[in-house]
Number of protein chains: 2
Amino acid sequence: MEIAWSSPQRRKPAKWRIAIDLMGCDSAPAELFQGVLLAGMRSSDALQLTAIATAQVCAQLVELAERHTIPGHLQLAVAQEAIAMAEVPTAAVCRKPKATLTVGMQLLKDRTVDALISAGNSGAIISSARLSLPPLPGIRRPALLALLPTAGKMVALVDAGGNLKNNSATLLQHAQMGIAYQRCFGGIAMPAVGLLNIGIEPSKGTLPLKEAYAALTAHAKLSAHSERGFTFVGNVEARDLFEGHVDIIVADGFTGNVLLKAVEGTALFLLNTLRGQLPPHSSLEAIHSRFNYAESSGALVCGVDGVVIKCHGNAQGAAIARAVADAIAMVDKGLIAAISHELSLEQHPEDMGGSL
Amino acid sequence: MEIAWSSPQRRKPAKWRIAIDLMGCDSAPAELFQGVLLAGMRSSDALQLTAIATAQVCAQLVELAERHTIPGHLQLAVAQEAIAMAEVPTAAVCRKPKATLTVGMQLLKDRTVDALISAGNSGAIISSARLSLPPLPGIRRPALLALLPTAGKMVALVDAGGNLKNNSATLLQHAQMGIAYQRCFGGIAMPAVGLLNIGIEPSKGTLPLKEAYAALTAHAKLSAHSERGFTFVGNVEARDLFEGHVDIIVADGFTGNVLLKAVEGTALFLLNTLRGQLPPHSSLEAIHSRFNYAESSGALVCGVDGVVIKCHGNAQGAAIARAVADAIAMVDKGLIAAISHELSLEQHPEDMGGSL
């Protein structure tokens with residue numbers, strides 16, 4: 001069942017079709033829906049938004065939707081149930097093919113929509129994407145790509161929590177996806193890659209990290225003069241991330257997730273403490289909003305053929321509106337096709353050398 | 001060879017004998033030695049300080065030492081060589097029994113000094129401590145215990161980078177050492193323990209984390225009404241660490257090290273950014289000094305019978321002076337004996353239940 005609102009003038013087909021799963025996160029569906037409405041009001045009549053929720057929730061949102069007029073097309077899609085934060089990801093995805101998340105992923109798979117946004121269970125989003133969408137060339141498991149604000153640039157962190165597995169092949173794939181993303185979407189021709197470690201020496205860290213260090217060194221050398229060249233700056237400690245030397249920081253999903261949340265927690269703790277002690281100042285507010293993940297867009301599920309954005313579990317409406325804007329930009333730039341192209345170059349036998 | 005300076009009035013034996021390894025870190029030995037002198041000037045004639053360096057460095061420091069008068073006893077001990085940051089820890093310790101670090105550890109082992117401070121190679125410090133000093137009851141491998149500043153309290157992070165191994169037995173030992181530390185040194189009768197994870201649900205994270213979750217739940221229940229009672233608050237995400245709900249955060253050494261450095265890096269990045277944009281304010285300076293690890297004391301090597309403090313690789317003189325003050329307090333409070341006592345209670349068969 002769908003409930004749809006369209007402006008009467010609208011006739012032409014939508015240029016961007018974005019689905020938003022409103023369920024299964026720590027914020028109320030109505031809060032996320034406010035973001036959907038905000039995105040709709042900010043955009044043109046070329047945008048079609050599909051918000052997915054259970055029947056009960058949809059019933060509550062109808063009135064809210066009717067109070068707003070948006071230039072594009074807005075519809076509510078009803079799903080049977082939701083996947084909760086505490087559920088075991090793959091089991092939940094398999095057991096609930098009619099959950100808001102799985103229904104949204106099906107819409108993306110069928111190309112009924114161009115992008116899916118969810119603030120729900122990260123593991124379930126990754127599992128559902130992996131089970132429903134074709135993998136990008138050579139990618140075994142999707143990862144989460146999140147952006148960390150640093151001095152003057154946004155650093156792409158891969159993996160920010162997509163999966164726990166940690167071998168050198170996975171780490172290399174994280175690097176490749178980060179490079180492809182920064183080249184295609186960040187506009188950086190020769191991105192600089194760092195490996196998150198506990199010391200800068202090549203001998204530091206776990207065996208997968210040492211192997212990934214050697215492989216990235218070899219890869220960077222091999223590709224130096226090709227269209228897929230990148231710089232490998234070596235191991236990077238978490239405290240040096242902010243100095244602006246890297247465009248991509250590679251980590252396994254567990255460590256990347258801890259890093260992301262440590263940065264977030266420290267920043268908000270400090271800024272909230274200072275806010276209570278310092279006179280109001282716009283610099284404080286500006287930096288607060290850069291680090292406030294409840295207001296920032298989200299992480300890209302990287303490695304599948306489709307734009308899937310995972311928002312923060314505490315995402316507010318503003319975050320959803322930003323995620324919609326990001327999804328539109330990714331669709332416009334053909335990000336997934338570009339990453340896929342870059343990864344397919346990577347698979348070319350003569351490029352592989354002996355380094356993998 | 002030793003070069004010693006004593007105030008002529010001094011006759012009584014030293015109450016606190018602290019050795020400081022001046023070599024093998026990113027700061028210059030003279031910088032660390034300034035901290036030794038500062039500690040000496042701040043303390044009484046009951047303090048004996050032994051700074052260990054190579055002959056060449058000692059020669060450079062003599063003049064510096066002679067310019068200062070301290071109430072206690074100061075001596076320079078000459079060692080043959082230093083262990084560098086990039087060296088493989090255990091191999092370096094075994095190959096260099098006459099390095100500044102290994103000589104210092106020998107002094108501690110022989111009870112010639114009461115505590116050893118070093119800002120050198122973390123792995124080498126841990127290895128040297130493990131090879132030289134008796135282990136505390138039940139502890140297989142020492143860990144690093146570092147303090148994280150949060151709202152209103154210091155949280156003990158164990159392991160902050162002592163070793164990479166990550167099984168549930170190790171995580172439990174980290175918890176036990178953190179509990180013992182906070183009870184003995186932090187004065188917290190019923191400490192709250194959290195497990196660093198990527199989500200709060202018991203199903204989150206790696207198998208060792210899930211096993212540690214179950215074991216800590218059982219242990220907390222079993223010990224609830226005994227003198228070694230503690231609260232287990234469950235999994236904690238890095239962003240929630242600052243809310244003041246935990247006294248101890250348990251992690252494997254790799255993740256703990258990333259956490260520590262992420263907190264440090266984020267805090268310094270933000271504070272330096274704000275400092276350039278905000279008018280001078282004492283709150284900014286106060287919070288900066290709380291988070292500036294180059295000025296803060298260091299991490300305790302936990303799990304061996306001896307006070308060993310590992311300072312930051314970039315430690316400034318102020319950090320060394322603080323580490324000396326901490327070492328004095330630890331010796332005064334009999335911290336190691338108290339932790340050892342607590343751990344030996346833990347080993348009592350009827351206390352063990354089936355939870356390990």
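Residues numbered from 1 in each chain as written. Chains lettered and ligands numbered in written order. Predicted model: local features only at pLDDT ≥ 70, side-chain atom pairs only at ≥ 80, totals over all residues. Heavy atoms only, no water.

Participant: How do you make sense of the pairing of strand 4 (residues 73–79) of chain A when you look at a structure like this?
Facilitator: Within a regular strand, the side chains alternate between the two sheet faces. All names here are of chain A. Of all 7 residues that make up strand 4, 6 are buried, and the element is covered over most of its length. As paired strands, strand 3 (residues 47–54) and strand 4 are joined by 7 bridges and run parallel to one another. Following the sheet pairing, Thr50 is matched in strand 4 by Gln75. Traced from strand 3 through helix 2 (residues 55–66) to strand 4, the parallel crossover comes out right-handed. (Buried < 20%, exposed > 50% of the residue type's maximum accessible area, 1.4 Å probe, protein only. Helix = DSSP H or I, 4+ residues; strand = E, 2+ residues; numbered from the N terminus. Pairing = 2+ DSSP bridges. Right-handed = clockwise from strand over helix to strand, strands pointing away.)

Participant: What should I look at first to understand the packing of aromatic side chains in this one?
Facilitator: Where two aromatic rings form a pair, the distance of their centres and the angle of their planes describe that pair. For the structure on display, the rule yields 6 aromatic pairs over all chains. Seen from their ring centres, Tyr181 of chain A and Phe185 of chain A are 5.4 Å apart, and the 50° between their planes marks the pair as tilted. For Phe185 of chain A, a relative accessible area of 18% puts it in the buried group. Centre to centre, the rings of Phe242 of chain A and Phe269 of chain B are 5.2 Å apart; their planes meet at 20°, and the pair counts as stacked. With Phe242 of chain A in the loop between strand 9 (231–236) and strand 10 (248–250) and Phe269 of chain B in helix 8 (residues 253–277), this residue pair bridges two chains. The exposure classification of Phe242 of chain A matches that of Phe269 of chain B, with both residues buried. Here the basic side chain of Lys333 of chain A rests over the ring of Phe185 of chain A, its NZ or CZ set 5.2 Å away from the ring centre. (Phe/Tyr/Trp six-rings, centres within 6.5 Å; stacked < 30°, edge-to-face > 60°. Lys NZ or Arg CZ within 6 Å of the ring centre and 35° of its normal.)

Participant: Whenever I open this one, the relation of the copies chain B and chain A confuses me. Can you help?
Facilitator: Each of the two copies of the chain can be brought onto the other by a rotation about an axis and a shift along it. After a rotation of 180° and a shift along the axis of 0.0 Å, chain B superposes on chain A with an RMSD of 0.0 Å. Expressed as an axis order, the relation between the two copies is that of a two-fold axis. An overlap of 100% is found between the interface residues of chain B and their copies at the interface of chain A, pointing to a shared contact surface. (Least-squares fit on C-alpha atoms with pLDDT ≥ 70 in both. Contact = heavy atoms within 4.5 Å.)

Participant: What am I meant to see in the packing of helix 8 (residues 253–277) of chain A against helix 9 (residues 282–291) of chain B here?
Facilitator: How two helices sit against one another is set out by the angle between their axes and by the gap between those axes. Where helix 8 of chain A contacts helix 9 of chain B, the two axes come as close as 10 Å, and the packing angle between them is 150°. Taken as axis vectors, helix 8 of chain A and helix 9 of chain B run roughly antiparallel relative to one another. Helix-helix and strand crossings are classified by hand; for helix 8 of chain A and helix 9 of chain B the assignment is right-handed. For the pair helix 8 of chain A and helix 9 of chain B, the contacting residues are Thr266, Phe269, Leu270, Thr273, Leu274 and Gln277 of chain A in the first and Ser283, Leu284, Ile287 and Phe291 of chain B in the second. Broken down by class, the residue content of the contact of helix 8 of chain A with helix 9 of chain B amounts to 6 nonpolar, 4 polar and no charged. (Axes fitted to C-alpha atoms, helices over the stretch in contact; angles between N-to-C directions. Parallel < 35°, antiparallel > 145°, perpendicular 65-115°, else oblique. Left-handed = near helix turned anticlockwise from the far one by under 90°. Nonpolar A, V, L, I, M, F, W, Y, C, P; charged D, E, K, R; others polar.)

Participant: What's the story with the interface of chain B and chain A in this structure? I'm lost.
Facilitator: Interface size is commonly expressed as the accessible surface area that is lost when the partners come together. Between chain B and chain A, the residue contacts involve 47 residues of the former and 47 residues of the latter. Interface area lost by chain B to chain A is led by Arg239, Phe254 and Phe269 of chain B, which between them contribute 17%. Put simply, chain B and chain A have 4 salt bridges between them. Note that Arg239 of chain A is salt-bridged to Glu264 of chain B, the shortest N-O span being 3.4 Å. Between chain B and chain A we count 10 residue pairs in polar contact (both at pLDDT 80 or more) in total. Secondary-structure elements contributing two or more residues to the side of chain B that touches chain A are strand 6 (143–150), helix 8 and helix 9 of chain B. Per element, the largest residue contribution to the side of chain B that touches chain A is 18 residues, and it comes from helix 8 of chain B. Residue classes in the side of chain B that touches chain A are distributed as 25 nonpolar, 16 polar and 6 charged. (Buried area = accessible area lost by both parts, 1.4 Å probe. Salt bridge = Lys/Arg side-chain N within 4 Å of Asp/Glu carboxyl O. Polar contact = N/O pair within 3.5 Å; in protein donor to acceptor, adjacent residues only side chain to side chain.)

Participant: I would appreciate a short explanation of the pattern of salt bridges in the present structure.
Facilitator: Proximity of charged atoms lets side chains of opposite charge pair with each other. Residue and element names in this part refer to chain A. Within the structure shown, the criterion is met by 20 salt bridges over all chains. A salt bridge links Glu285 to Arg275, with the nearest nitrogen and oxygen atoms 2.5 Å apart. Of this pair, Glu285 sits in helix 9 (residues 282–291) while Arg275 is found in helix 8, placing the two residues 10 residues apart along the sequence. Of the residues examined, Glu285 reaches a relative accessible area of 37% and is grouped as partly exposed.

Participant: How should I be thinking about the environment of Thr273 of chain B in this particular structure?
Facilitator: Here Thr273 of chain B lies in helix 8. Put simply, Thr273 of chain B and His312 of chain B are 39 residues apart on the chain and 22 Å apart in space, counted from C-alpha to C-alpha.

Participant: How should the environment of Leu101 of chain A be read in this particular structure?
Facilitator: All names here are of chain A. Within the secondary structure layout, Leu101 lies in helix 4 (residues 100–109). For Leu101, a relative accessible area of 4% corresponds to the buried category. For the pair Leu101 and Ala82, spaced 19 residues apart in the sequence, the C-alpha separation amounts to 7.2 Å. Beyond its immediate stretch of four places on either side in the chain, Leu101 contacts Asp21, Ile83, Leu116, Ser118, Ala124, Ile125 and Ser128.

Participant: I tried to follow the nonpolar core on my own but got confused; where do I start?
Facilitator: Note that soluble globular proteins tend to have their nonpolar side chains buried in a common cluster. Ranked by size, the top nonpolar core spans 252 residues in total, and within it Ile18 and Phe33 of chain A together with Ile18 and Phe33 of chain B carry the most contacts. Beyond its immediate chain neighbours, meaning those up to four positions away, Ile18 of chain B contacts Leu47, Gln48, Leu49, Thr50, Ala115, Ile117, Val324, Ala327 and Ile328 of chain B. (Core = buried A, V, L, I, M, F, W, Y, C linked by side-chain atoms within 4.5 Å.)

Participant: Teacher, can you tell me more about the confidence of the model for chain A here?
Facilitator: In low-pLDDT segments, the atomic positions of the prediction should not be examined closely. Residue and element names in this part refer to chain A. Across chain A, pLDDT averages 89, with 93% of residues at or above 70. Throughout residues 348–356 the model reports pLDDT below 50, and contacts reaching past four residues in sequence, or to other chains, amount to 15 contacts. Overall fold confidence (pTM) sits at 0.90, and the ipTM for the predicted complex is 0.89. (pLDDT = per-residue confidence, 0-100.)

Participant: Hey, could you run me through unusual backbone geometry in this one?
Facilitator: As a rule of thumb, non-glycine residues mostly have phi less than zero, and peptide bonds are mostly trans rather than cis. Residue and element names in this part refer to chain A. Between Val158 and Asp159 the backbone carries a cis peptide bond, its omega angle lying at 10°. For Asp159, the position within the fold is in the loop between strand 7 (154–158) and helix 6 (168–184). The residue Arg111 is not glycine, and still its phi comes out positive at about 65°. Along the polypeptide, Arg111 turns up in the loop between helix 4 and strand 5 (115–118). Under the relative-accessibility criterion, Arg111 is labelled partly exposed at 47%.

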